[in-house]
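In case you want the letters, here they are:
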Amino acid sequence: MHAGRFAGDNRGVTDIPRRTVSRTAKLAGLPLGVAGRAAAGWGRRLVGGDADQISAQLMAKSAEQLFAVLGELKGGAMKFGQALSVFEAAVPEEFAEPYREALTKLQSAAPPMPFGEVQRMLSEQFGRNWPSRFQDFDETPAAAASIGQVHRAVWHDGRDVAVKVQYPGAEEAVLSDLRQLSRMSRLLQPLAPGMEIKPLIEEMRERMVEELDYRDEADNQRRFAAEFDGDDKVRVPKVVASAPRAMVTEWVTGTPMSSIIRGGTQERRDEAGVLLAEFHYSAPARLGLLHADPHPGNFQVVDDGRLLVLDFGAVARLPEGLPRPLTIMTRYALQRRPADLMELMVEEGFVRADTAVTAEEAMAYLSPFTDPLGTPTFRFSREWLRSQAERVGDLRSPEFDTGRLLNLPPQYLLVHRVTLGTLGILCQLGAEVPLRGIVSHWQPELFADDDTPAAGS
């Protein structure tokens, strides 16, 4: 609609749920709802219902409820759901479809903020005359995210732009979720006795609080846009204007990564996988930053074949590139040097000195990170990711005990999250990627003195 005719429709969600008690109640209701449906399903089985059909119905309804609640809560809860979405590829195929659909919706949609609230937020951020900055402004949101929603508009100079507006109450909601997570740390500790949970949660809190200020996000995006300006593989929209709770960028759109995952040809999947891997491994070396929110909703492929990257609220600052200890650890694992690997893992805090983890066990646990580098090309697949998840998640597996005893130092949290998230998307794509060549180009030290058999050879 034209900027001179703004008239808000206040139907729908009036505000992001921000009180701890209401958010906790919604989250607590999730397992109860799932359990209730399971009990009902068991009752139907007793009277002759088809077990497989009932199980499928339960999975579909549970997935729908889970991600509907996470989407409504937005904030940290929705971010948690978006992080989970990357690992849909690890869910057994017979259960995956309902989760796949629910997760895809969560990546790009949530209950919208009424336009009256959008107007109020823009007045607070850009002044009461904010409509004069636009030739046109679409009241209907084009996309929704964990702490804000996006509207398409036309800037006063005629450029198509995306206007990102933060939900009222987003800060309170995120902080509430993080307080709940902090309380949960006591419950999580017995499950991971070797991991220092509290520092990890504190690091997560600091990173998520950073995402609440769109001026930081705008600064991050400006740096990425400048570095990749004219790049033949990556496209980053330029920032037009920014404020603490709103920002305006160029409007650029393409084919969503989720669509390529669902229905792209194998050639298109492979191409998207190569672009994603190239972006992930090149950014730290090129500009000392790492895009740290890897889920399919933040990536598209534009018509000219480049990867469109969105949402720079979460960024890891790596002024020296990817941390050298991680590079050397991976090199030791590839070269099958368990003693050297263990020494470095203890030194960097991945293994506490008093923990009963052997060098061989630690090296075996790292195979998801080293297998794709052991051959010139690697076919990522749901089956491979599923086998890795089963290997480390099976109570009878030795890797399960190893995983419980390993630690994740807070300074490596975002790098670890991005690497796992990228692996998850590559497996969703089922892409064949020359990862060894990509990584060796941007991290030549990883393959220095590589004169011993690599993993998988």
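The structure displayed is predicted, hence computed values, not measured ones. (Residues numbered from 1 in each chain as written. Predicted model: local features only at pLDDT ≥ 70, side-chain atom pairs only at ≥ 80, totals over all residues. Heavy atoms only, no water.)

Observations concerning the overall build of the protein
Along its length, the protein carries 18 helices and 14 strands. Sorting the 457 residues of the protein into buried and exposed places 49% on the buried side. Expressed as a percentage of contacts within the protein between residues at least 6 apart in sequence, the contacts between residues at least 24 apart total 73%. Surface accessibility of the protein: about 20600 Å² in total, with carbon and sulfur atoms responsible for 54%. (Helix = DSSP H or I, 4+ residues; strand = E, 2+ residues; numbered from the N terminus. Buried < 20%, exposed > 50% of the residue type's maximum accessible area, 1.4 Å probe, protein only. Contact = heavy atoms within 4.5 Å. Areas by Shrake-Rupley, 256 points an atom, 1.4 Å probe, with all protein chains shown as cover.)

What to know about helix H10 (residues 266-287)
Count 3.6 residues to each turn of an α-helix, and residues three or four apart come out pointing the same way. The end-to-end C-alpha separation of H10 is 31 Å, in line with the 32 Å expected for 22 residues at 1.5 Å each. The largest bend in H10 comes to about 30°, at Tyr281, with the proline Pro284 one to four residues further on. (Expected span 1.5 Å × (residues − 1). Bend = angle between axes of the 7 residues up to and from the residue.)

Some details on helix H12 (residues 338-348)
Residues Pro338, Leu341, Met342, Leu344, Met345 and Glu348 constitute the buried set of H12. Seen end-on, H12 carries its buried residues on one side only, within an arc spanning 165°. Those residues of H12 that are exposed and angled more than 90 degrees off the buried face are Ala339, Glu343 and Glu347. On its buried face, H12 is in contact with helix H11 (324-334) and helix H13 (359-365). Positive phi shows up at Gly349, right after H12, with a value of about 90°. (Arc of directions from axis to C-beta.)

As for the packing of H11 against H12
With their axes 9 Å apart at the nearest point, H11 and H12 run at an angle of 155° to one another. The angle between the axes of H11 and H12 places the two elements in the roughly antiparallel class. Seen along the crossing, H11 lies across H12 with a hand that is left-handed. Contacts between H11 and H12 pair Pro325, Ile328, Met329, Tyr332 and Ala333 from the former with Asp340, Leu341, Leu344, Met345 and Glu348 from the latter. (Axes fitted to C-alpha atoms, helices over the stretch in contact; angles between N-to-C directions. Parallel < 35°, antiparallel > 145°, perpendicular 65-115°, else oblique. Left-handed = near helix turned anticlockwise from the far one by under 90°.)

A few points about the environment of Arg120
Secondary-structure assignment places Arg120 in helix H5 (residues 115-126). Look at Arg120 and you get partly exposed, because its relative accessible area is 37%. Residues Arg120 and Pro168, spaced 48 residues apart in sequence, show a C-alpha to C-alpha distance of 9.6 Å.

With respect to the pattern of salt bridges
As enumerated under the stated definition, the model contains 18 salt bridges in all. When the shortest N-O distance is used, the salt bridge between Arg379 and Glu432 registers 3.0 Å. Separated by 53 residues along the polypeptide, Arg379 in strand S13 (residues 378-379) and Glu432 in strand S14 (residues 432-433) bring together distant segments of the chain. Here Arg379 falls in the partly exposed class, since its relative accessible area comes to 36%. We classify Glu432 as partly exposed; its relative accessible area is 33%. (Salt bridge = Lys/Arg side-chain N within 4 Å of Asp/Glu carboxyl O.)

Focus: the nonpolar core
Grouped together as the largest cluster of nonpolar side chains are 50 residues, with contacts concentrated most on Phe224 and Phe380. Every residue in contact with Phe224, bar those within four places of it in the chain, is listed here: Val236, Phe279, Ala283, Leu287, Leu289, Leu290, His291, Phe312 and Val315. Within the second largest apolar cluster, 29 residues are counted, among which are Phe134, Tyr214, Ala218 and Val248. (Core = buried A, V, L, I, M, F, W, Y, C linked by side-chain atoms within 4.5 Å.)

Details of the side chain of Thr249
Relative to the helices and strands, Thr249 resides in strand S7 (residues 246-250). Taking the relative accessible area as the measure of exposure, Thr249 reaches 11% and is therefore buried. Once residues lying within four places of it in the same chain are set aside, the contact partners of Thr249 are Asp160, Val161, Ala162, Gln221, Pro237, Lys238, Val239 and Val240.

What about the confidence of the model for the protein?
Overall, the prediction assigns the protein a mean pLDDT of 76, with 64% of residues at 70 or greater. Contacts of residues 1-60 to residues separated by more than four positions or lying in other chains number 103 contacts, the stretch itself having pLDDT below 50. (pLDDT = per-residue confidence, 0-100.)

Topic: the environment of Gly264
If you trace the backbone, Gly264 turns up in the loop between helix H9 (257-263) and H10. C-alpha of Gly264 to C-alpha of Leu429: the two residues are 165 residues apart in sequence and 8.6 Å apart in space. For Gly264, the contacting residues outside a window of four places in its chain are Ser259 and Arg269.

Regarding the packing of H10 against helix H17 (residues 413-429)
Across the interface, H10 lies against H17 with an axial gap of 9 Å and an inter-helix angle of 170°. The angle between H10 and H17 falls in the class roughly antiparallel. Contacts between H10 and H17 involve Gln266, Arg269, Ala272, Gly273, Leu276 and His280 from the former and Val418, Thr419, Thr422, Ile425, Leu426, Gln428 and Leu429 from the latter. Considering only residue class, the contact of H10 with H17 consists of 6 nonpolar, 6 polar and 1 charged. (Nonpolar A, V, L, I, M, F, W, Y, C, P; charged D, E, K, R; others polar.)

Quick look at the environment of Gln335
Looking at where Gln335 falls in the secondary structure, it is placed in the loop between H11 and H12. Looking at Gln335, the relative accessible area reads 4%, which means it is buried. Considering only alpha carbons, one finds Gln335 and Phe447, 112 residues apart in sequence, at a separation of 9.1 Å.

Let's talk about the packing of aromatic side chains
In this description, an aromatic ring pair is defined by two values, namely the gap between the centres and the angle between the planes. Going through the model one piece at a time under the given rule, you end up with 13 aromatic pairs. When the centroid spacing of 6.4 Å and the interplanar angle of 10° are considered together, the rings of Phe224 and Phe228 count as stacked. Among the residues examined, Phe224 registers a relative accessible area of 0% and is labelled buried. Exposure remark for Phe228: the relative accessible area of 3% places this residue in the buried category. A ring pair is formed by Phe228 and Phe279, whose centres lie 5.7 Å apart and whose planes are at 50°; its orientation type is tilted. Of the two residues, Phe228 is situated in the loop between helix H8 (214-227) and strand S5 (234-235) and Phe279 in helix H10; the sequence distance between them amounts to 51 residues. As far as burial versus exposure is concerned, Phe228 and Phe279 are alike and both buried. Through a chain of ring-to-ring contacts, the aromatic side chains of Phe115, Trp130, Phe134, Phe137 and Trp155 assemble into a single cluster. The ring of Tyr214 has Lys164 sitting right over it, with the charged end atom 5.2 Å from the ring centre. (Phe/Tyr/Trp six-rings, centres within 6.5 Å; stacked < 30°, edge-to-face > 60°. Lys NZ or Arg CZ within 6 Å of the ring centre and 35° of its normal.)

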